[in-house]
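# What the coordinates show
For reference, the chains in residue letters:
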Amino acid sequence: MDPIADMLIKLKNANRAEHETVSVPFSQIKLAILECLVGEGYIKSVTKKTEKTHPTLEAELAYRDGSPRISDVSRISKPSRRMYMGAKDIRPIKNGFGLIVLSTPKGIMSGTKAKKELVGGEVLFKMW
């Protein structure tokens, strides 16, 4: 029902199972989210592939000293209940060891980047 939540859970489970890559169905918002995660170091790279007639995104997972980079994910804004946050309300997650991802008027970005650019938006999820 929620394709973003499905993608996040696939990333978390594949990272815990120590897989090299994970494949998810393609969409523009998923691509933007994965590119944001690449910029923050949670994923090594993301590529768009076409298998038969269905485009997919293949993400190469990142590890730190053999341990998974993604330990948990929490979906904040859901299709049934949207949550918004202003630039002044953005706080560090897990004392700076986590990440919050927002959908802003300037695109999908992490909480630290959104705070620097003084934009708020819909809080998609937090990850640590």
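In what follows, the structure referred to is the one given above.
Reference entry: report on the structure contained in this document. (Residues numbered from 1 in each chain as written. Predicted model: local features only at pLDDT ≥ 70, side-chain atom pairs only at ≥ 80, totals over all residues. Heavy atoms only, no water.)

## Considering the nonpolar core
One finds Leu-11, Leu-34, Leu-37, Phe-125 and Met-127 to be the most contacted residues of the largest nonpolar core, which totals 25 residues. Sorting the residues of this core by element identifies helix 1 (3–16), strand 1 (21–25), helix 2 (28–40), strand 2 (43–51), strand 3 (54–61), strand 8 (99–104) and strand 10 (121–127) as the ones contributing at least two each. In this view, Leu-37 contacts Leu-11, Tyr-42, Ile-43, Leu-99, Phe-125 and Met-127; residues no more than four positions away in its chain are not counted. Counting residues in hydrophobic clusters, the runner-up holds 8 residues, among them Ile-93, Leu-102, Ala-114 and Val-119. (Core = buried A, V, L, I, M, F, W, Y, C linked by side-chain atoms within 4.5 Å. Buried < 20%, exposed > 50% of the residue type's maximum accessible area, 1.4 Å probe, protein only. Helix = DSSP H or I, 4+ residues; strand = E, 2+ residues; numbered from the N terminus. Contact = heavy atoms within 4.5 Å.)

## Observations concerning the pairing of strand 3
The sheet contact formed by strand 1 and strand 3 spans 5 bridges and is antiparallel. Counted as the bridge partner of Ser-23 is Glu-58 from strand 3. When strand 2 meets strand 3, the two strands line up antiparallel, connected through 8 bridges. From the neighbouring strand, Ser-45 faces strand 3, where its bridge partner is Glu-60. Between strand 2 and strand 3, which pair antiparallel in sequence order, lie 2 residues; one of them, Lys-52, sits at a positive phi of approximately 60 degrees. (Pairing = 2+ DSSP bridges.)

## Digging into the sheet that holds strand 2
The strand order across the open sheet formed by 3 strands is 1-3-2, and the pairing between neighbours is antiparallel. The open sheet has two free edges, formed respectively by strand 1 and strand 2, since each of these has just one partner strand. The sheet shows a mean angle of 25 degrees between the axes of neighbouring strands, direction not considered. Against the sheet, helix 1 makes contact with strand 1, strand 2 and strand 3, and its axis sits at roughly 165 degrees relative to strand 1, the strand it touches most. Across the sheet, helix 2 lies against strand 1, strand 2 and strand 3, angled at about 155 degrees from strand 2, the strand it touches most. (Axes fitted to C-alpha atoms, helices over the stretch in contact; angles between N-to-C directions.)

## Description of the packing of helix 1 against helix 2
Interhelical geometry of helix 1 versus helix 2 gives an angle of 40 degrees and a closest axis separation of 10 Å. As for how helix 1 packs across helix 2, the hand of that crossing is right-handed. Of helix 2, the residues touching helix 1 (which contributes Pro-3, Ile-4, Met-7 and Leu-11) are Ile-29, Lys-30, Ile-33, Leu-34 and Leu-37. Among the residues making up the contact of helix 1 with helix 2, the classes are represented as 8 nonpolar, no polar and 1 charged. (Left-handed = near helix turned anticlockwise from the far one by under 90°. Nonpolar A, V, L, I, M, F, W, Y, C, P; charged D, E, K, R; others polar.)

## Observations regarding unusual backbone geometry
We note that Glu-18 has phi near 60 degrees; this positive angle belongs to a residue other than glycine. When you line up the elements, Glu-18 lands in the loop between helix 1 and strand 1. Assessed through its relative accessible area of 53%, Glu-18 is described here as exposed. Look at Leu-118: it is not a glycine, yet its phi comes out positive at around 55 degrees.

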